[in-house]
Amino acid sequence: MKKAMILLLAAAALLPACKNKAQEEETARQAAVAEATREELADAVSDRDQLLALVTEIGQDMNQIKQLENILSVNGSGETPGQRDQIRADIAAIQQTLQQRRERLDELEQRLNRSNLNNSNLQTTVNTLRSQIESQTDEITQLRANLDEARTQIGTLDAQVDSLHQTVTTVTADLDSTTTVASRLDTELNTCYYAIGTKGELKDKHIIETGFLRRTKLLEGDFDQNFFTRADKRQLPSIDLNTTNAKVLTNQPEDSYSIVDVNGHKVLRITNPAKFWSLSNYLVIQID
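Residues numbered from 1 in each chain as written. Predicted model: local features only at pLDDT ≥ 70, side-chain atom pairs only at ≥ 80, totals over all residues. Heavy atoms only, no water.

Caption draft 1: Structural context of the overall build of the chain. Secondary structure assignment for the chain yields five helices and nine strands. Listing every helix and strand of the chain by position from the N terminus yields α-α-α-β-α-β-β-β-β-β-β-β-α-β. Sorting the 288 residues of the chain into buried and exposed places 26% on the buried side. The contacts of the chain with a sequence gap of at least 6 include a subset with a gap of at least 24, amounting to 71%. Approximately 19,000 Å² of the chain is accessible, and the part contributed by carbon and sulfur atoms is 53%. (Helix = DSSP H or I, 4+ residues; strand = E, 2+ residues; numbered from the N terminus. Buried < 20%, exposed > 50% of the residue type's maximum accessible area, 1.4 Å probe, protein only. Contact = heavy atoms within 4.5 Å. Areas by Shrake-Rupley, 256 points an atom, 1.4 Å probe, with all protein chains shown as cover.)

Shown next as structure tokens:
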């Protein structure tokens with residue numbers, strides 16, 4: 001009886017200690033749950049902030065894509081090679097950025113799915129962002145296709161321009177050659193020759209040939225071409241003969257010229273050049 005009483009008293013003494021230990025364990029458990037909840041909440045807030053940051057970044061990506069679309073639509077195929085290279089680099093940069101956004105979004109979605117604090121609003125935001133990223137990816141792919149098409153068209157146009165340049169060069173060369181020939185022919189057509197000399201000088205140069213009881217022959221033999229002065233019909237209105245007596249031996253029409261006195265010596269004036277040179281480009285004047 002006495003031993004039973006002792007055991008009962010010992011058990012009664014242990015009850016408060018057990019109760020205190022249980023309370024301490026519960027308090028520790030609740031503290032751990034609270035700490036875990038705070039960590040989850042902090043993670044959830046961080047995930048939310050990252051989603052909001054993604055919303056802003058994707059909006060900026062959209063603005064960049066719109067700017068590129070405007071550049072391509074305004075410039076068409078008129079941009080310079082440097083501009084095309086810059087656009088191509090911008091497109092590549094946006095594609096890389098979109099891939100990074102997609103990977104970040106996938107990571108955030110996985111974390112949200114593992115979190116006990118996930119909610120439908122955040123999931124809706126994730127879905128919306130994913131849709132926007134895919135839409136932007138399609139747009140940037142189309143932009144690259146448009147740029148490649150423009151590059152192909154530019155290559156074709158460049159080839160056509162080169163061909164046209166070659167054609168223009170050929171035509172210009174032909175035109176220059178034709179112009180040179182025409183100029184030469186024009187010069188030849190308007191070239192005239194005149195010789196002024198006494199009867200003896202003209203005979204010595206075989207320009208005229210005479211004999212006893214024989215009619216005078218003019219320019220029929222191997223005459224001396226160097227005795228003639230070369231001139232342009234269009235720039236020969238008159239010839240100063242430097243003599244007091246002169247006559248035209250060649251067959252220029254008499255009504256196309258006149259020989260007049262100027263300051264005591266004779267001057268031949270051509271009054272109708274076309275008619276004057278119509279029969280011959282050679283003019284022989286005898287002075288003595």
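Caption draft 2: Region of the structure containing the sheet that holds strand 5 (residues 238-240). Taking strand neighbours across the sheet as the criterion, the three strands line up as 5-8-7 in an open arrangement whose pairing is antiparallel. Two strands lie at the open edges of the sheet, namely strand 5 and strand 7 (257-262), each paired on one side alone. Averaged over all pairs of adjacent strands, the angle between strand axes in this sheet comes to 25 degrees, irrespective of strand direction. In the sheet, strand 5 pairs with strand 8 (residues 265-270) via three bridges, with the strands oriented antiparallel. Within strand 8, the position partnered with S238 by the bridge is R269. (Pairing = 2+ DSSP bridges. Axes fitted to C-alpha atoms, helices over the stretch in contact; angles between N-to-C directions.)

Caption draft 3: Up close: the pairing of strand 9 (residues 282-286). When you tally the buried positions in strand 9, you get four out of five residues, the bulk of the element. Pairing geometry for strand 1 (residues 191-197) and strand 9, over five bridges, is parallel. Its bridge partner lying in strand 9, Y194 is registered against L283. Here strand 6 (residues 247-248) pairs with strand 9 via two bridges, running antiparallel. When the sheet's bridge partners are listed, V248 is paired in strand 9 with I285.

Caption draft 4: Fine view of the pattern of salt bridges. For the coordinates displayed, the defined rule picks out six salt bridges. R234 is the partner of D186 in a salt bridge, and the nearest nitrogen-oxygen pair spans 2.8 Å. With D186 in helix 3 (residues 120-189) and R234 in the loop between strand 4 (229-232) and strand 5, this residue pair connects regions lying 48 residues apart in the sequence. Relative accessible area serves as the criterion here: at 35%, D186 is assigned to the partly exposed category. Residue K205 is joined to D224 by a salt bridge in which the shortest nitrogen-to-oxygen separation is 3.7 Å. Taken together, the residues span a long stretch of sequence, with K205 in the loop between helix 4 (199-204) and strand 2 (208-211) and D224 in the loop between strand 3 (214-218) and strand 4 at a distance of 19 residues. (Salt bridge = Lys/Arg side-chain N within 4 Å of Asp/Glu carboxyl O.)

Caption draft 5: Summary view of the packing of aromatic side chains. For the structure shown, the criterion picks out six aromatic pairs. Their ring planes at 90 degrees and their centres at 5.3 Å tell us that F228 and Y282 sit as a pair that is edge-to-face. Here the residue F228 occupies a position in the loop between strand 3 and strand 4, and Y282 occupies one in strand 9, the gap between them amounting to 54 residues. Its relative accessible area of 8% is what places F228 among the buried residues. Joined through ring pairs, the aromatic side chains of Y193, F223, F228 and Y282 make up one cluster. (Phe/Tyr/Trp six-rings, centres within 6.5 Å; stacked < 30°, edge-to-face > 60°.)

Caption draft 6: Summary view of the sheet that holds strand 1. If you walk across this open sheet you meet the four strands as 4-1-9-6, and the pairing is mixed. Bordering the open sheet on either side are strand 4 and strand 6, each of which pairs with just one other strand. Relative to strand 4, strand 1 runs antiparallel, the two sharing four bridges. The partner of T191 across the bridge, within strand 4, is D232.

Caption draft 7: Highlighting the environment of L108. With respect to the helices, strands and loops of the structure, L108 is situated in helix 2 (residues 81-114). The class of L108 is buried, set by a relative accessible area of 2%. The spacing of L108 and S46 is 62 residues in sequence and 9.9 Å in space, taken between C-alpha atoms.

Caption draft 8: Focus on the side chain of N190. Along the chain, N190 turns up in the loop between helix 3 and strand 1. Within the local environment of N190, its side chain forms a polar contact with the backbone oxygen of D186, the two atoms lying 2.8 Å apart. In contact with N190, not counting residues within four places along its chain, are A231, D232, K233 and R234. (Polar contact = N/O pair within 3.5 Å; in protein donor to acceptor, adjacent residues only side chain to side chain.)

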